[in-house]
Amino acid sequence: MSITYLEAIREAQAKLLRDDKRVFIYGQDVGGTFGGAFKATKGLAREFPGRVLNAPISEDAIVGTAIGAAIEGMRPIVEMQFADFSSIALNQILNNAGTHYWRTNVPVPITVRLPSGGTKGSGPFHSQSMESIYAHYPGLIVMTPATVEDAYTMLIEAVAIDDPVVYCEHKYLYYHLKADKLPTEGLPTGRARIAREGRDLTIVSYSAMVHEALAVAEQLAPEGFEIEVVDLRSVKPLDTNTVLASVARTGRLLCVGESFPWGGVTAEVIARVTGEGFHLLDAAPQRINAKDTPIPYHPNLWSTHRPNAKEIARKARALLRE
Amino acid sequence: MLQTAQRQSKTKKPKTALPHERFLEAFRWMLLTRTLEEKLVSLYRGGLITGGVYIGKGQEAVSVACGLFLKKGDVFAPLIRDQAGRSAFGEPLLDVTRTYLGSRLGPMRGRDGNIHRGRPQENQLAMVSHLGAMISVTVGALMSKRFKGEKGFVGLACIGEGGMQAGAFHEGMNIAAVEQVPLVIVATNNHYAYSTPNDREFACHDLVDRAIGYGFEGYSLDGTDLGACLEVIGGAVKRARAGRPPQLVVASVLRLSGHGEHDDASYVTEEIKREPFARDCLKVAEQTIADLKLVDAETLVEWRKEAATKVDEAIATAQKEAPPEGDKEDWCALSIRDLVDDVGTIE
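Thresholds applied
Residues numbered from 1 in each chain as written. Chains lettered and ligands numbered in written order. Predicted model: local features only at pLDDT ≥ 70, side-chain atom pairs only at ≥ 80, totals over all residues. Helix = DSSP H or I, 4+ residues; strand = E, 2+ residues; numbered from the N terminus. Rg over C-alpha atoms; globule rule 2.2 N^0.38 Å. Buried ≥ 20, exposed ≤ 12 C-beta atoms within 10 Å, placed from the backbone. Contact = placed C-beta atoms within 7 Å. pLDDT = per-residue confidence, 0-100. Pairing = 2+ DSSP bridges. Axes fitted to C-alpha atoms, helices over the stretch in contact; angles between N-to-C directions. Core = buried A, V, L, I, M, F, W, Y, C linked by C-beta atoms within 7 Å. Domains from an automatic or database assignment. Nonpolar A, V, L, I, M, F, W, Y, C, P; charged D, E, K, R; others polar. Right-handed = clockwise from strand over helix to strand, strands pointing away.

## Section: the overall build of chain B
A count of helices and strands for chain B gives 12 helices and 7 strands. Its C-alpha radius of gyration of 21 Å places chain B within 12% of the 20 Å reference for a compact globule of 347 residues. Expressed as lengths along the three principal axes of its C-alpha atoms, the size of chain B is roughly 75 × 50 × 40 Å. Within chain B, the fraction of its 347 residues that count as buried is 52%. In chain B, the proportion of contacts linking residues at least 24 apart, taken out of those at least 6 apart, comes to 75%.

Encoded structure:
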C-alpha cells in the first residue's frame, strides 16, 4: 500500500469525523460529490452526511462561523481553497480567534487548513506561503508538515488542540510525497525532527523546502560534507532547542523558507540562534527565501523565484568553506 | 409580499400594544443604563477611566428590546451602544464597572476594556472592534447548537448603519441565510458613522431593502418609540425562534452623544437634531408612562434612586479592587501551556 500526502490529509479528516462528533468540515467546494479543489475531502460528505458542508465564497464569514461553532463546543475544520485566500479571513483568524482566549479565557479550537506554497503555473494568487504572517500574531499555532506521516498525525493533533491552529499543507507535496502506511503516532507539536544527521552544517527548514534541503545534503555528501537537516514541523511553537543543539554540533546555520524574504520564519530562527547561541557559530548564519516579488506564473520564472536545490547548494558550499 | 409588509410597518403609527409590565421592565433597564452611562461619563471626564467610553444614549429603547426577548441558551452579540441590551440579557453591572475601571476581577481582567467585553461561556459574545465580524460568529454558535440537537434557540446580533457597509457584514448576512439559522440582526441607523453622515455611508433608498437581497425578512422601526421596539424586535425574535428565515430590523434614531466621550460631535447638524428620529427614547418612554398613568411620579423617583444606588455600588466595588500588574500577569495567549513558543535555551 502506498499513501500520498494528500491522501493522508483526507484520511486524517475521515478519522476525525469518525471518532469525534464535534468535528465538521466547512469550506468552498468541500462537500457534495466534488470533495474540494484538491480532493482533500473526497467522499467525506457522503460518508458523513451533514458534516462536510459547502460554504459560499466568504472566507471571513467561513472562519467567523467556525469561531462561533468552536466557542459553542464544536471542532470545526475550515478548508481554505488556497492559502492565498485566507488573506480575506485574516481579521477573523488574527483578531478574533487569536485574541479570544487571552481576552475571555474561552479557547477557540478551530483548525484552518491552508493549501500552501508554489506549484508550476499557479502564479501570484495561488502559490503563497502565509505561515510567517500567522506566526507573527499571538494566540495561534502554526503547523507546517513536511512528510506524509506528519500531515496525518499533525492534522489529528491540530483538531485535538484547544487553541486555534493554522495548518499549512504544501500543495507541491500533495502528490509527490508517498509513504507505505499511516503512522499511529507522531512527534508532539512543537518538537522539530532531525530529518538527516550531519556534523558540518545545519540546514533548518520546514514544509516542502525540507525536501530541497535533503536533496542538497545528498548532493554534497560525495564532496565530503555532512549536512544536518532540521525539519521544524511547526513554525509556532518553534523548537529553538533542537535547532540550537544542532548548531552546537555543526557550528554553521543555513535557514531555508519558501515565503517572502522580509522577516519571517528564517529570520526568526537566525535571530534566536544568534541571540542564544552566538558562541556556537563558526560562520555568520545565512538564510534563503523566495524573491521579494509576487510569485511568477511561468515555470522558468517560478523555479528561479522559489528557493531551489541549486541555490541552496551554492550557499551551503560557501558557508562550508568559510 | 415581504416588501409590502415592510412598507406597511413603516407607515403604521407606532403603538404601545404590549403588556405594560414588559414596557415598564424595559424602561427600568433603560433608566439603569442611562444612569450608569452618565456616571461613566463623569468618571471619564474626571480622568478615572483609561481608554474610551462609548455610550448608547438615544439607542436604549432599541437595545433593551434586543436583550429582553432572549432566554437562557440564546446567543447575544451586542455592539458598542448596547448597554441596555446587555443588562437586560443578564450582564451584571459589576462586569461593566470592573471592565471600565480596570479591575483584575472583571471578565476581561484588564486585558480588554470598555465595551469589548463579554461572557462567551454564557452566550454573550465579546465583540471585536472590526465591524461586522460578530455576525458570522453568531451564525457559527447557532449552527453548533443545531449540530448538538438543541431546539428553540435564537441568536441576535447588533450592528449599526456604519457596520452595515463592511464586507464582513455582507458575508455574515449571506452565510446566515444560506445556513438558515434562527438569527435576528438589529441594525440601528443612528445617522453617523463616527462623524460621517448617512449620505456618505450608503446610497440605497432604505437599508431595510437589503433584507430581501440577503434572503432575510426585513422590518423598519422608529427606534425612539419603546413600544414599537418591543413589538417589532420581539416579533422578529419570535419569528426566528419559530423557524422563519433570518430577520433584519432596521431602527432609526439619532446618536445623542459623540462616537465616544472624547468626541464633542460638533459635526451633528442642528437640522438633524430637529428630526423626529432625534427624540430621546427615554423621555418618550417616560411621557408614555405619564400619559397612560402606568406608574405614579413617586414610583419613578423611587426607580431613579434605586438605579443610582445600584450604579454607585457597582462603581464603588470596582474602584476598591486591585488593577492587574504587568510583572504578575500571565503572559500566555494559549490555553495549552505546553505549546507556548519561547526563545529556547542551550541544554
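## Points about the overall build of chain A
When its secondary structure is counted, chain A shows 12 helices and 14 strands. Scaling as 2.2 N^0.38, a compact globule of 322 residues should have a C-alpha radius of gyration of about 20 Å, and chain A matches this with 19 Å. When its C-alpha atoms are laid out on the principal axes, chain A stretches across 60 × 40 × 40 Å. Within chain A, buried positions represent 60% of all 322 residues. If you take every contact in chain A between residues at least 6 apart in sequence, the share linking residues at least 24 apart comes to 79%.

## A few points about the confidence of the model for chain B
Residue and element names in this part refer to chain B. Overall, the prediction assigns chain B a mean pLDDT of 94, with 95% of residues at 70 or greater. Of the regions scoring below 50 in pLDDT, residues 1-17 engages in 20 contacts with residues more than four places distant in sequence or in other chains. With a pTM of 0.95, the predicted complex shows an ipTM of 0.96.

## Remarks on the sheet that holds strand E5 (residues 111-116) of chain A
All names here are of chain A. Within the open sheet, the 7 strands sit side by side as E3-E2-E4-E5-E7-E6-E12. Their pairing is mixed. In this open sheet, the two strands that pair with only one neighbour each are strand E3 (52-54) and strand E12 (234-236). In this sheet, adjacent strand axes meet at a mean angle of 20° when their direction is disregarded. As paired elements, strand E2 (residues 23-27) and E3 share 3 bridges and run parallel to each other. Bridge assignment links Tyr26 to a residue of E3, and that residue is Leu53.

## With respect to the interface of chain B and chain A
Listed per partner, the contact involves 41 residues of chain B and 46 residues of chain A. Secondary-structure elements contributing two or more residues to the side of chain B that touches chain A are helix H6 (133-147) and helix H7 (167-179) of chain B. The leading source of residues in the side of chain B that touches chain A is H6 of chain B, at 11 residues.

## Some thoughts on helix H3 (residues 60-68) of chain B
Residues separated by three or four positions in an α-helix point in the same direction, a consequence of the helix having 3.6 residues per turn. Judged by how many residues are buried, H3 of chain B sits mostly within the fold: 9 of 9 residues are covered. Within H3 of chain B, the full set of buried residues consists of Glu60, Ala61, Val62, Ser63, Val64, Ala65, Cys66, Gly67 and Leu68 of chain B.

## Examining the sheet that holds strand E9 (residues 193-196) of chain A
All names here are of chain A. Strand order in the open sheet formed by 5 strands is E9-E11-E10-E13-E14, with mixed pairing between adjacent strands. Looking at strand neighbours, the two that pair on one side only are E9 and strand E14 (286-288), the edges of this open sheet. Averaged over neighbouring strand pairs, the angle between their axes works out to 25° when direction is ignored. Where strand E13 (residues 253-256) and E14 come together, 3 bridges link them in parallel fashion. Considered in E14, the bridge of Cys255 is made with Arg287. Contacting strand E10 (201-205), E13 and E14, helix H10 (residues 264-277) crosses the sheet at an angle of about 155° to E13.

## Here's the deal with the nonpolar core
Residues and elements named next belong to chain B. The biggest cluster of nonpolar side chains holds 202 residues, and the ones touching the most others in it are Ala65, Val186, Cys229, Ile233 and Val249. When residues in this core are grouped by element, the largest group, 10 residues, is from helix H2 (residues 20-45). In contact with Val186, not counting residues within four places along its chain, are Val62, Cys66, Leu156, Cys158, Ile233, Val249 and Ala251.

## Overview of unusual backbone geometry
Residue and element names in this part refer to chain A. For the bond running from Lys236 to Pro237, omega is 0°, close enough to zero to count as cis. The residue Pro237 is located in the loop between E12 and helix H9 (240-250) in this model. Although it is not a glycine, Lys39 adopts a positive phi angle of roughly 70°. By the secondary structure assignment, Lys39 is in the loop between E2 and helix H2 (44-47).

## Considerations on the domain arrangement of chain A
Residues and elements named next belong to chain A. Assigned domains within chain A: domain 1 (3-179) and domain 2 (193-321). Measuring from the centre of the C-alpha atoms in domain 1 to the corresponding centre in domain 2 gives 26 Å. Each side of the interface is counted separately: domain 1 has 24 residues, and domain 2 has 21 residues. Counting residues per element, the ones that place at least two in the side of domain 1 that touches domain 2 are helix H5 (131-136), strand E6 (141-143) and strand E7 (165-170). Grouping the constituent residues of the side of domain 1 that touches domain 2 by class yields 11 nonpolar, 10 polar and 3 charged.

## Some thoughts on the pairing of strand E6 (residues 217-222) of chain B
All names here are of chain B. Counted residue by residue, E6 has 6 buried out of 6 residues, so it is predominantly covered. Burial of the side chains of E6 extends over both faces: Glu217, Tyr219 and Leu221 are buried on one face and Gly218, Ser220 and Asp222 on the other. Pairing geometry for E6 and strand E7 (residues 247-252), over 6 bridges, is parallel. Following the sheet pairing, Glu217 is matched in E7 by Gln247.

## Concerning the environment of Leu319 of chain A
Residue and element names in this part refer to chain A. Structurally, the position occupied by Leu319 is in helix H12 (residues 309-321). Residue classification places Leu319 among the buried residues on the basis of 21 C-beta atoms within 10 Å. Through-space distance from the C-alpha of Leu319 to that of Ala12 is 40 Å; in sequence the pair is 307 residues apart. The contact partners of Leu319, leaving out residues within four places of it in the chain, are Leu201, Arg252, Leu254, Ala283 and Gln286.

## Some words on the environment of Ala215 of chain A
Among the secondary structure elements, Ala215 of chain A is positioned in helix H8 (residues 209-220). A sequence separation of 35 residues divides Ala215 of chain A from Asp180 of chain A, and the C-alpha atoms of the two residues are 21 Å apart.

## Points about the pairing of E7 of chain B
Regular strands place side chains that alternate from one sheet face to the opposite one. Residue and element names in this part refer to chain B. Taken across its 6 residues, E7 has 6 buried, putting it largely inside the fold. Neither face of E7 is open: one carries Gln247, Val249 and Ala251, the other Leu248, Val250 and Ser252, and all of them are buried. With 6 bridges joining them, strand E3 (residues 183-189) and E7 adopt parallel strand pairing. When the bridges of E7 are listed, Asn189 appears paired with Ser252. In the classification by handedness, the crossover that spans E6, the intervening helix H9 (residues 226-241) and the parallel E7 is right-handed.

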